[in-house]
Amino acid sequence: RGPAKDIVEINMFLTGEIELSKVRRLDCTNKQFFGRPNWGRVFSQLKSEHPEDHVGVFLCGSPEIGVQLARQSQIHSDPTFPKAGMKFSFHKENF
């Protein structure tokens, strides 16, 4: 929604305990996921959907998940980027 809707895609992964009867769709997201994701599968799918893009991966949460996301970002990025392929850049905020 808004002027960046064709530029920015937001997929939100909620991994904590959630009462599904109280879940509401957030207008700011393209997709919402609940539970523990298979990060390898998520990154592979995003890479196939965005084969020539620079994709930002943002985490606000557990440092343990950050280790996994940083590793997957590195594994699935093409070493030839920006000349060819795509890249994941990982950004985190811990509190």
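In the block above lies the structure referred to throughout.
Read on for a plain summary of the structure. In this text the structure is predicted, and so the values were computed from the model without any measurement.

**Let's talk about helix H1 (residues 39–49)**
Then step 1. Restricting attention to buried positions, one finds in H1 the residues Trp39, Val42, Phe43 and Leu46. Seen end-on, H1 carries its buried residues on one side only, within an arc spanning 95°. Seen from the buried face of H1, the exposed residues on the opposite side, beyond 90 degrees, are Arg41 and Ser48.
Then step 2. For H1, the elements touching its buried residues are strand S1 (11–14), strand S3 (54–60), helix H2 (63–76) and strand S4 (87–93).

**What about the pattern of salt bridges?**
Then step 1. One pass over the structure, following the stated rule, counts 1 salt bridge.
Then step 2. Among the ionic pairs, Lys47 bridges to Asp78, the shortest N-O distance being 2.9 Å. On the criterion of sequence distance, the pair formed by Lys47 in helix H1 and Asp78 in the loop between H2 and S4 is long-range, its members being 31 residues apart.
Then step 3. In this structure Lys47 comes out as partly exposed when scored by relative accessible area, which is 24%.
Then step 4. We classify Asp78 as partly exposed; its relative accessible area is 22%.

**As for the nonpolar core**
Across soluble globular proteins, nonpolar side chains show a tendency to be buried alongside one another.
Then step 1. Trp39, Val42, Phe43, Leu46, Val55, Val57, Leu59, Leu69, Met86 and Phe88 together form the largest nonpolar core, which totals 10 residues.
Then step 2. At the level of secondary structure, the elements contributing two or more residues to this core comprise H1 and S3.
Then step 3. Of all the elements, H1 adds the most residues to this core, at 4 residues.
Then step 4. Excluding residues that lie within four positions of it along the chain, Val55 makes contacts with His50, Met86, Lys87, Phe88 and Ser89.

**A word on H2**
Then step 1. For H2, built from 14 residues, the straight-helix expectation of 20 Å at 1.5 Å per residue is met to within 8% by its first-to-last C-alpha distance of 20 Å.
Then step 2. Among all positions in H2, only Gly66, Leu69, Gln72, Ser73 and His76 are buried. Down the axis of H2, the smallest arc covering the buried residues is 130°, so these residues share one side. Every exposed residue of H2 that faces more than 90 degrees away from the buried side is listed here: Glu64, Val67, Arg71 and Gln74.

Rules behind the numbers
- Here the residue numbering is sequential within each chain, running from 1 through the sequence in written order.
- With the structure being a predicted model, the display of local features is reserved for residues of pLDDT at least 70 and the display and counting of side-chain atom pairs for 80 or more, all residues being used for whole-chain, interface and lining totals.
- Excluding hydrogens and water, the side-chain figures rest on all heavy atoms present in the structure.
- Burial here depends on accessible area, computed with a 1.4 Å probe over protein chains only, as a share of the maximum for the residue type. Under 20% is buried, over 50% is exposed, and the range in between is partly exposed.
- The numbering of helices and of strands both runs from the N terminus, where a helix is a DSSP run of H or I of at least 4 residues and a strand a run of E of at least 2.
- Summarising the geometry, the arc corresponds to the directions from the helix axis toward the C-beta atoms.
- The criterion used for residue contact is that any of the two residues' heavy atoms lie within 4.5 Å.
- Only one rule defines a salt bridge in this text: a Lys or Arg side-chain nitrogen within 4 Å of an Asp or Glu carboxyl oxygen.
- Definition used in this section: a nonpolar core is a set of buried Ala, Val, Leu, Ile, Met, Phe, Trp, Tyr and Cys residues joined via side-chain atoms within 4.5 Å.
- Under the convention used throughout, the expected extent of a helix is 1.5 Å for every residue step, that is, one less than its residue count.

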